[in-house]
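# Overview (structure and organization)
The lines below spell out each chain.
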Amino acid sequence: MPLFSTSCQTVQRTALVAALAISVSACSILEEDKVDYKSAAKAPTLEIPPDLSQLRRDSRYAMESNSATASGFQSAGARVADAGTAANSLGDVRLERQGNQRWLVVARPADKVWEPLKEFWTSNGFVLTTDSPDVGIMETDWAENRAKIPQDLIRRTLGKMLDSLYSTGERDKFRTRVERNAQGGVEIYITHRGMAENYTSSQKEQTIWQPRASDPELEIEFLRRLMVKLGASPEAAKTAAAGATPVQAATVTTLDGQATIQINDTLDRAWRRTGVALDRTGFTVEDRDRSKGVYFVRYVTPGTTGDQEPGFLARMFSSKKEQVALSRYRIALTDNGSTSFVRVQNANGQPETSGNAERILKLLANELR
């Protein structure tokens, strides 16, 4: 009996020492890495909202090959940043920023960055649900940032044995948009969308998934990581991602009898800001014509899912397919020099005067401010 007791004490001491060692190790890892995603595709299926259906093909963005090589920044030619836009250059990769928006300018052809982009997201724990090089859109599945789970003693000790029992109650997805520029390179935008699991009542008997605000810090973090993927050093990428510049105001007004967003900014910068706003709010951008300042989008009218009214993003995490009424619109940008205007047009390019136009503009204006 005493021998059995001594053995138990020895085992307990050994376990305690092991737990402390694991605790120290885990803390050091978490200090270096605050992001650790696990795709929800390995968990219960998360259905894509109806407004994020497959994008149609357009040959203007077709990629010529899938190889990936590095090219020199000098051979691509220097690009002068817009007034009011800050830039940091690292080789042939440059980070530009305006307000809370940041994007990469890469002096490589579009077909040379697509495969590295795919490798980047999959290596960070994501599954891609949209992979459309023809329209320059890549989107991840909903995923959970496991680094947000508290590292208590039990979880640090048992690790993956109890991993499935822990959840943050949050899911994230990211959209990457690649646009060609006049210099033969590309601009890369990364936007975040989030969902949170909340209780439906104070009794805490049932939960629902609801949209939460986009997180610019997550967007910056993945832009920084992408810079490293494309050849920048971690230290240089971190320095480039720091800081911000003032953003010009955007207000909803009425001009010539039509609801309009007025942006005190040039058309080129307003185009970038509107594109990011569309990505963050979850619109399906079917096509875009930068020369004419037009985005072709789909919009789900709230309460138009047949006889039921589950809401705009309802049943996102269910396995049941919903028949949803999709409306096509044009988001048209014009300018008079230093001021730009954003209006909603119908599918035929005529001014849209329905209530949807005002709803769409309010959604965009919240992201443009």
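Calculation rules
- Residues numbered from 1 in each chain as written.
- Predicted model: local features only at pLDDT ≥ 70, side-chain atom pairs only at ≥ 80, totals over all residues.
- Heavy atoms only, no water.
- Axes fitted to C-alpha atoms, helices over the stretch in contact; angles between N-to-C directions.
- Helix = DSSP H or I, 4+ residues; strand = E, 2+ residues; numbered from the N terminus.
- Left-handed = near helix turned anticlockwise from the far one by under 90°.
- Contact = heavy atoms within 4.5 Å.
- Nonpolar A, V, L, I, M, F, W, Y, C, P; charged D, E, K, R; others polar.
- Parallel < 35°, antiparallel > 145°, perpendicular 65-115°, else oblique.
- Salt bridge = Lys/Arg side-chain N within 4 Å of Asp/Glu carboxyl O.
- Buried < 20%, exposed > 50% of the residue type's maximum accessible area, 1.4 Å probe, protein only.
- pLDDT = per-residue confidence, 0-100.
- Pairing = 2+ DSSP bridges.

### Considering the packing of helix α5 (residues 216-229) against helix α6 (residues 234-241)
In the contact formed by α5 and α6, the axes pass within 9 Å of each other and the chain directions differ by 145°. You can see that α5 and α6 cross each other, and the crossing is right-handed. Packed against α5, whose contacting residues are I220, R224, M227 and V228, the element α6 presents P234, A237, K238, A240 and A241 at the interface. Across the contact of α5 with α6, the residue classes break down as seven nonpolar, no polar and two charged.

### Quick word on the packing of helix α7 (residues 267-280) against helix α8 (residues 355-368)
One can describe the packing of α7 onto α8 by two numbers: an axis separation of 9 Å at closest approach and a directional angle of 110°. By the angle between their axes, α7 is roughly perpendicular relative to α8. You can see that α7 and α8 cross each other, and the crossing is right-handed. Where α7 approaches α8, its residues R273, T274, A277, L278 and R280 are matched on the opposing element by L364, E367 and L368. Class assignment of the residues belonging to the contact of α7 with α8 gives a composition of four nonpolar, one polar and three charged.

### So, the pattern of salt bridges
One pass over the structure, following the stated rule, counts 29 salt bridges. Its salt-bridge partner being R177, residue D279 comes within 2.8 Å of it at the nearest N-O pair. Of this pair, D279 sits in helix α7 while R177 is found in strand β8 (residues 170-180), placing the two residues 102 residues apart along the sequence. Take D279: its relative accessible area is 1%, and that puts it in the buried class. For R177, a relative accessible area of 1% gives the class buried.

### Describing the confidence of the model for the protein chain
Model confidence for the protein chain is summarised by a mean pLDDT of 73, while 63% of its residues fall at 70 or above. Here helix α2 (residues 73-76) stands out as the least confident element of the protein chain, with mean pLDDT 35; helix α3 (residues 114-123) is the most confident, with 96. Of the regions scoring below 50 in pLDDT, residues 1-32 engages in nine contacts with residues more than four places distant in sequence or in other chains. Here residues 42-83 scores under 50 on pLDDT; set against residues more than four positions off or in separate chains, the count is 109 contacts.

### Here we look at the sheet that holds strand β12 (residues 258-263)
Within a sheet, neighbouring strands are paired by backbone hydrogen bonds and run either parallel or antiparallel to one another. Taken together, the six strands give an open sheet; going across it, the order is β11-β12-β16-β15-β14-β13, and neighbouring strands pair in antiparallel fashion. Each end of this open sheet is capped by a strand with a single partner; those strands are β11 (250-255) and β13 (284-289). Neighbouring strand axes in the sheet, compared pairwise and without regard to direction, differ in orientation by 30° on average. In this structure, β12 lies alongside strand β16 (residues 340-346), joined through three bridges in antiparallel fashion.

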